[in-house]
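Architecture and fold: a report
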Amino acid sequence: MAELPKYETSNIQYKAMPELTRAAEGEFLKSNERVTNFLNQAGQYFQKQAVEYASDQAVEYAIRNPITKEQIDQARQTGDNPISTYLKGGSAYNEAIQKVLGQQIAGELRLEFEKHNQDILNQVELGEIPNQEEMLAKLKEPIQAHVEFLSTVDPQLAESYGAATALTARNNYLRGDTIFKQKQEEAAYINAQTTANNVIRDYGNYLTNHPDATEDQKKAYKETVLKTAQDTSFSMSRKQAQLSDSLSKALQQTENDHHASAIAQKYRGKTIAEVLKLLPKDESNLAAYYNSSADKDNFAKSIEYELRLVNSDIAANDKLTRSLLHEAMNDIKNTRQINPALVNQINNTIDPASELAEDWAELQDQSLYIETLNKKSIDDIAADIEPLRAKDDDINQFLDRKERIRYEILTSYQSKLINGIKEKPVETIARRHGFYERLDFSNPEVLKEQIQKRRKNLDKYGDLYGFNTDERNAMVMTKQEASGLVAAYMNPETDAMSRLGILNIIDEGFGESNTQAMRQLTEAGLPTTAQLSSFLNNPDVTMELMSLDSKEKKAALKEDLKTSGESMTFDDIKEKIRLELADYEEVLRMNSPLNPSDIRAKMNEMVDMLSYYAINQMDVKGKGLSKGIDNAVALIANNHHIEKTFYIPKKYNGDFIGDDIDKKEGILDKANLIKDHYLKEFNAVPFGSRQEGVSQELLEEEFNLQLKYSGEWRNTPDGSGLIYVIKYPDNTFTPIKNAAGEFLSFKFDDLSKTLPHTDVRLDYKKQQFYFGR
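Quick summary incoming for the structure in this document. All values derive from a computational prediction rather than experimental measurement. (Residues numbered from 1 in each chain as written. Predicted model: local features only at pLDDT ≥ 70, side-chain atom pairs only at ≥ 80, totals over all residues. Heavy atoms only, no water.)

1. With respect to the overall build of the protein chain
In terms of helices and strands, the protein chain carries 29 helices and eight strands. Classification of the 773 residues of the protein chain by burial places 39% in the buried group. Across the protein chain, the fraction of contacts at a sequence separation of at least 24, relative to all contacts at a separation of at least 6, is 65%. Of the roughly 45,300 Å² that the protein chain leaves accessible, carbon and sulfur atoms contribute 50%. (Helix = DSSP H or I, 4+ residues; strand = E, 2+ residues; numbered from the N terminus. Buried < 20%, exposed > 50% of the residue type's maximum accessible area, 1.4 Å probe, protein only. Contact = heavy atoms within 4.5 Å. Areas by Shrake-Rupley, 256 points an atom, 1.4 Å probe, with all protein chains shown as cover.)

2. A closer look at the packing of helix H16 (residues 444-461) against helix H19 (residues 496-509)
Remark: H16 packs on H19, axes separated minimally by 9 Å, with the N-to-C direction vectors making an angle of 45°. The angle between the axes of H16 and H19 places the two elements in the oblique class. Two packed elements cross with a definite hand, and for H16 against H19 that hand is right-handed. Residues Pro444, Leu447, Lys448 and Ile451 of H16 touch H19, and the partners they reach there are Ile505, Glu508 and Gly509. (Axes fitted to C-alpha atoms, helices over the stretch in contact; angles between N-to-C directions. Parallel < 35°, antiparallel > 145°, perpendicular 65-115°, else oblique. Left-handed = near helix turned anticlockwise from the far one by under 90°.)

3. Regarding the pairing of strand S6 (residues 721-727)
Summarising burial for S6: six of the seven residues are buried, a large majority. In this structure, strand S5 (residues 711-715) lies alongside S6, joined through five bridges in antiparallel fashion. Looking at S6, one finds that glutamate 712 is bridged to valine 725. The pairing of S6 with strand S8 (residues 745-747) spans three bridges and is classified as antiparallel. Bridge pairing links glycine 721 to lysine 747 in S8. Pairing between S6 and strand S7 (residues 733-735): three bridges, direction antiparallel. Each bridged residue has a counterpart across the sheet, and for lysine 727 the counterpart in S7 is phenylalanine 733. In this antiparallel pair of consecutive strands, S6 and S7, the connection spans five residues, and asparagine 731 shows a positive phi of 75°. (Pairing = 2+ DSSP bridges.)

4. Considering helix H6 (residues 215-232)
The terminal C-alpha atoms of H6, which comprises 18 residues, lie 26 Å apart, in line with the 26 Å expected from a rise of 1.5 Å per residue. The set of residues buried in H6 consists of Lys218, Lys222, Val225, Leu226 and Ala229. Buried residues of H6 fall within an arc of 100° about the axis and therefore sit on the same side. Away from its buried face, by an angle of more than 90 degrees, H6 presents the exposed residues Asp216 and Thr232. (Expected span 1.5 Å × (residues − 1). Arc of directions from axis to C-beta.)

5. Comments concerning unusual backbone geometry
Its identity as a non-glycine residue notwithstanding, asparagine 683 has a phi of 60°, on the positive side. Here asparagine 683 lies in the loop between helix H28 (667-677) and helix H29 (696-709). With phi around 65°, histidine 757 is a residue other than glycine that occupies positive phi space. Relative to the helices and strands, histidine 757 resides in the segment after S8.

6. Quick notes on H16
Compared with an ideal rise of 1.5 Å per residue, which puts 18 residues at 26 Å, H16 spans 25 Å between its outermost C-alpha atoms and is within 8% of the ideal. Taken residue by residue, H16 has Leu447, Gln450, Ile451, Arg454, Arg455, Asn457, Leu458 and Tyr461 as its buried positions. For H16, the angular spread of buried residues about the axis comes to 165°, placing them on one side. Of the residues in H16, the exposed ones pointing more than 90 degrees away from the buried face are Glu445, Glu449, Gln452, Lys456 and Lys460. Here H16 starts with a cap whose side-chain oxygen sits 3.0 Å from the backbone nitrogen of glutamate 445, and that cap is asparagine 443. (Polar contact = N/O pair within 3.5 Å; in protein donor to acceptor, adjacent residues only side chain to side chain.)

7. Quick look at the nonpolar core
If you look at the biggest cluster of nonpolar residues, it comprises 37 residues, and the most contacted ones within it are Ile338, Ile346, Trp360, Leu363, Ile429 and Tyr465. Looking at this core, the elements that each hand over two or more residues are helix H10 (296-333), helix H11 (340-349), helix H12 (356-374), helix H13 (378-393), helix H14 (401-423), helix H15 (425-432) and H16. The leading source of residues in this core is H14, at seven residues. When residues no more than four places from it in sequence are discounted, the contact partners of leucine 363 are Leu325, Ala328, Met329, Ile332, Ile338, Ile405 and Ile409. (Core = buried A, V, L, I, M, F, W, Y, C linked by side-chain atoms within 4.5 Å.)

8. Digging into the side chain of threonine 349
Within the secondary structure layout, threonine 349 lies in helix H11. Judged by relative accessible area, threonine 349 falls into the buried class, the value being 14%. In terms of polar contacts, threonine 349 uses its side chain to reach the backbone carbonyl oxygen of glutamine 345, at 2.7 Å. Not counting chain neighbours up to four residues away, the residues in contact with threonine 349 comprise Asn317, Leu320, Thr321 and Leu324.

9. Comments concerning the packing of aromatic side chains
Going through the model one piece at a time under the given rule, you end up with nine aromatic pairs. With centroids separated by 4.7 Å and ring planes inclined at 40°, the aromatic side chains of phenylalanine 570 and tyrosine 612 adopt a geometry described as tilted. Linking phenylalanine 570 in helix H24 (residues 570-580) with tyrosine 612 in helix H26 (residues 596-620), this pair joins segments that are 42 residues apart in sequence. Note on tyrosine 584 and tyrosine 647: the rings are 5.6 Å apart at their centroids and 55° apart in plane angle, and the pair reads as tilted. One end of the pair, tyrosine 584, is in helix H25 (residues 582-591); the other, tyrosine 647, is in strand S2 (residues 647-649), with 63 residues separating them in the sequence. Overall, the relative accessible area of 13% leaves tyrosine 647 in the buried class. (Phe/Tyr/Trp six-rings, centres within 6.5 Å; stacked < 30°, edge-to-face > 60°.)

Purely geometric stuff here, so don't read any function into it on its own.
Encoded structure:
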C-alpha cells in the first residue's frame, strides 16, 4: 500500500489560523432531538389511538354480541370462564371485552341476587322463615358463589360486586328484622285480644249462670280475670296498658248489656219509651241496677238495642210460625193430614201466648177431621160449606177466627178436589182414600192384581164423586202412568221385541180393562201401529207393523213403490184404502159428532199406516199391490163388524168374540131385542123439565116414541160396548139414563139375558118373527 507522504518538521512560523464553528453540528443535533421527540410523541399518540380503537371495537362487538344468560348459566355449572371465547384480539381489545362483558355478567347476577333477596323477604312476610338467623343465612347464601364466579372474569369487578351485594343483604336483613318484630307484636296483640274476648265471654256466662251474684262478687271476679290477663297475655304486647283499659271497660259493658238484655226480655213486645216509664216504678233488682247507673243514657241505648233484638226475634218467630201454619193448611187443603214432622216443628216454634196458638189449635182439629172429610162426597162437602158461605155473605154477620179458618180450608179443599177429579181422577180418588199404588209394568201378573184392586176401590168410592158405572169402568191408569208407558214404548232405544213385550203386558196385565187402558194410552200418544197390533194380538203382524214406524223404512217403501212398475202413487193407495173403509169411518164420525177433526186425524193416521203396510206386503210377501191393499183393508174390515150406527170389534180385551156377534142370542141379537121390545122397561127419565099444561103421562108417552123412532145404538166413548141414545136432526145425540143416573149400555162381552141395570129378564122368543134384521 502506498505510504502517505510525510511532512518534515520545519522552523517556519505560521500565522494562527481562524477556529472552525460548531453551530451547524449543534443545529444538527438539535434537529435530531426534535425529530426524536416528535417520533416519540407520534409513537405515543398512535399507540394511544390504537388502544382507543381496539377498545372501541371491543365495546362495539360486546354490544352487538352480548353474552347470554344461557352462556352464563352453563359456565357456572362447568366452572369455565364465560367470556374466554370472546378474547380474540390484543390486550387492549381483550381488556375492553372483559370489562364490558364482566359488567353484563355482574348485572345478570345482580338481578338474580335481588330476586333471591325479595323472595326471602316474602317468605318472612308469609311466616315461612321463622327467625332472623335463618333469614340471614338465606340472604347471604348466593353472594360467595357469585363473587367466586365473577372472579374468573374480572377479579376487580368481583371485589366491588361482593361489597355492593353484602351491603344490600344487610339492608334487607334490617328490613326482615323489622317484619319479624312487627309480626311478633301483631301475634302478641292478637293473643291478647283473644284472651280479652275469652274473658268477656266467660264473664257473660258467669252473669247468666249466677243471676243472684252481689256487686262485690262481680267486682272481685272482674279484678281477678283482669289481673290474670295482664300477667299472662297483655305483658307480651307493647300495648298492654291500652289492652287492660279496653278489657276493663268491656267487662263493665258486658255487665250493662247483660242487665239490658234481661230488662228487654222482661218487657218484650214493648217500646223503649214504655220501658223507660216503667223502670222507675219497678222494684226488681234489674230495675235497681238501671236506676243506680251513672250513665243512664248509654244504658238506655243498650236496653233499646236489646229490645229491638227481642222484638225482631218475636217478629221473625211469628213470621216463621205463620209460614209453617200456611204449610200445615196446605197439607189439609191437599186432602191429607198435617205431616208429623211439621207438627213437631210448629210445636217447637210457636209462642203459646200468641194469637197464632189459637189458629194452630184449629188447624190441628181440622187435620184430625181430614179423615172424616176424605170420606165425604162432593155434595156433602158443599153442604158443609153452605152455612159458612151464607154467614160470610150476610152483611149483618161475620165469621169468627175459627170459622174463617174452617171456611178457607173447606172452600180450597173443595176446589182442589173438583180440579183433581177433573184433571186426574184416578190418582185423586186413590190418594184421597189411601189405596194409591204405582202400577208395576214389569210383571203382568202383579199388574193384573193391582188393576183388579184399583178397579174394586174405584167402584167402591166412585159414587162419592158422581161417577156412574160406565165412567168408573173407563178409569184405569193415572195420566202419569199412561204417559210413562207410552214414553217407554216410544223410546228410540226400545227395540221391536221390547215393544212387543210392552204390548203383551197391556194385553195380559190389564185383563178386562184392556180396552179402557188402550184408549187412555191412545190419548197419551200411543202410535196407531201399536194400537192395531194390540188389538189384533198377532205376533207376526205386530212385528211387521212395528217395522213401519221408522222414517227410514217409510222412505224405503215409497222408493220401492216408485221402482215396482205399479201405476199407483202413494196418495192413490191412501185414497183407495180410505174408500174401502168409508163405512167404518162413518160409524166413527157418527159416534163423535162434536169432534169431527179428531176422527179425521185418527183416520188419516190409520190410512197412512195401512198404506205403508200394503206396500210392504207387496215387497215382502211377493204379492201384487192390489193384494197388498186388500190385506191392509182386511186388518180393519175383517176385525170389525160394521152396523149402520156402531161397530163391534171381533176381538175385545184380547179375546176373540167374533162368534158372539151375530149368532142367536149374540151381541147384535141382544141389542136389537132391547131396542124392539124392552126400551120402556128400562124406565128412562125424559129429557128436560116438565112443560106447563103437559101431563106427566103425555110427556112419558112422547119420550117413549122418541126412544123407539129416534133412538139407536152407538159405541160407548171408551169403545168397550154399546150405549142407547136419542139422535137429533143435527146428528148430535144424548144417551138415555134411568132415575139412578145409569145409562142403557152393555159391554161387548156381556151376553147376560138381563136388561142392563134392571132385574128384567130378556125373552129372545120375542124375536122369532122379527124380519127386520
